[in-house]
Every structure is written in C-alpha cells, then in structure tokens.
Amino acid sequence: MNYWLMKSEPNAFGIDDLEKMPNQTEHWDGVRNYQARNMMRDDMKVGDQVFFYHSNCDVPGIVGLMEVVREGYPDHTAFDPQCKYFDPKSDPQNPRWIMVDIKYIKHTKRVISLAELKKCGALENMPLVRKGNRLSILPVTDQEWNTILKMEG
DNA sequence: GCCAACGTTGGC
DNA sequence: GCCAACGTTGGC
C-alpha cells in the first residue's frame, strides 16, 4: 500500500466538504499538472492512504485522512467549456487529464501545521517542506507517514 | 497583497 | 531545442 498527500484550498474544497459528500466520497478533479496526473494514472491504488492538506489558508497543514476508492479515470471537467478546469486540448477520445475517487476517513485530532512539519528533522526530505514546492499530489514514505501520525499525538 | 519558485507556452 | 515571457501556486 502506498501513502500520499493531496492539497486543496479549503475555500474551494476542504475536508469538511469531503465529509459531507454522499458516501463521504468525491472525485479529485481539476488536477492540471503532468507529474500529479501521472501519479494518479499509474501509481494510486484502491486502499492507498492519503493525507488531506489545506493550502492557501490561515494555517496550512494536514487536517485529515482519506483513502483511494477508485483508481485513475478521465477527468470529465476538462471537456466542459463551462467549467473552470476546461481544457480544449483534452480530447474525450484520448483524455489528457485523470482523476481518482477519494473517501473521507477522519479529521486528524488537530491540524498538523506546515510550520510544525518543517521543524521536524525526520521530515526534512519531504518535498512538501521545501521552498517553492507546488505539486498538489505528493508521495509520502512509510516513515514519513508514521512520523506524522505520531506528531498528531 | 507581495513575491519567489516553478511549469507552460510559443517565437525563433 | 533554447529561452524569455507569462501564468499559477501558495507561504508569508
């Protein structure tokens, strides 16, 4: 089983929104970055565990746990001209963008803030804590996963 | 709101 | 294929 971290802006779609979805499940649409797409297409498997990370907000950090419940399939929002994620270059016969379905597991007991993650020596190799990182989906190692769960307290 | 870092685009 | 210009991300 693999571990991941996925970012979302709570203003747009936060963990509280995911919790309220039918079956507490939602498709993770709108990813328009090739590296992130490739991970969803090739590497994310049903049962993989995922940290939900709030970005671009008062206290950026990890706010909960989720799991992959459906593996990569075409992101239909790329075909809809009314949608802000519309991409005219994505051909329905040969979709350019991919999404997975994600299910809510729980909130962490508290927000594990980016500031705190940065202070943890065991996490210094995580791309997340590196300056300028913009990838919205990141692989997490077993050690990093366990370290972060321990930080939750 | 600022701005550094990064990815993408497109001219050549 | 290079690289400047541009747009976006996201912390602060």
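Computed from a prediction, not measured in an experiment: that's the story for all the values here.

Peer 1: Hey, could you go over the overall build of chain A for me, with residue numbers and the actual values?
Peer 2: Each helix and strand counted, chain A has five helices and six strands in total. Its helices and strands taken in sequence order, chain A reads β-α-α-β-α-β-β-β-α-β-α from the N to the C terminus. The C-alpha radius of gyration computed for chain A amounts to 15 Å, which stays within 12% of the reference 15 Å derived for 153 residues, consistent with globular compactness. Dimensions of chain A, computed from the C-alpha atoms along their principal axes, are close to 45 × 30 × 30 Å. Expressed as a percentage of its 153 residues, the buried residues of chain A come to 44%. When contacts within chain A are restricted to residue pairs at least 6 apart in sequence, those whose partners lie at least 24 apart make up 73%. Total accessible area computed for chain A in this model is approximately 8300 Å², and 47% of it derives from carbon and sulfur atoms. The positive charge centre, built from 20 side chains, and the negative charge centre, built from 22, are 5 Å apart in chain A.

Peer 1: Lay out the protein's contact with DNA strand C in plain terms, naming residues and giving numbers.
Peer 2: Around DNA strand C, the structure places Lys7, Tyr53, Ser55, Asn56, Pro60, Leu114, Lys118, Asn133 and Arg134. Between DNA strand C and Arg134, the relevant distance is 2.9 Å, taken from a base oxygen to a side-chain nitrogen or oxygen of the residue. Of the residues contributing to the surface near DNA strand C, the split by class is three nonpolar, three polar and three charged.

Peer 1: Mind laying out the sheet that holds strand 4 (residues 61–74), listing which residues take part and the relevant values?
Peer 2: Spatially, the six strands line up as an open sheet ordered 2-5-4-3-1-6, and their pairing is mixed. At either end of the open sheet lies a strand with only one pairing partner, and these are strand 2 (25–27) and strand 6 (137–140). Sheet twist, expressed as the average angle between the axes of neighbouring strands with direction ignored, equals 35 degrees. As paired elements, strand 1 (residues 3–8) and strand 3 (residues 49–54) share six bridges and run parallel to each other. Bridging across to strand 3, Trp4 finds its partner in Val50. On top of the sheet, helix 5 (residues 142–152) reaches strand 1, strand 3, strand 4, strand 5 (98–113) and strand 6; it is set at about 40 degrees to strand 5, its chief contact.

Rules of the game
- Residues numbered from 1 in each chain as written.
- Chains lettered and ligands numbered in written order.
- Predicted model: local features only at pLDDT ≥ 70, side-chain atom pairs only at ≥ 80, totals over all residues.
- Heavy atoms only, no water.
- Helix = DSSP H or I, 4+ residues; strand = E, 2+ residues; numbered from the N terminus.
- Rg over C-alpha atoms; globule rule 2.2 N^0.38 Å.
- Buried < 20%, exposed > 50% of the residue type's maximum accessible area, 1.4 Å probe, protein only.
- Contact = heavy atoms within 4.5 Å.
- Areas by Shrake-Rupley, 256 points an atom, 1.4 Å probe, with all protein chains shown as cover.
- Lys, Arg positive; Asp, Glu negative; His and termini not counted.
- Charge placed at Lys NZ, Arg CZ, Asp CG, Glu CD.
- Near = heavy atom within 4 Å.
- Polar contact = N/O pair within 3.5 Å; in protein donor to acceptor, adjacent residues only side chain to side chain.
- Nonpolar A, V, L, I, M, F, W, Y, C, P; charged D, E, K, R; others polar.
- Pairing = 2+ DSSP bridges.
- Axes fitted to C-alpha atoms, helices over the stretch in contact; angles between N-to-C directions.

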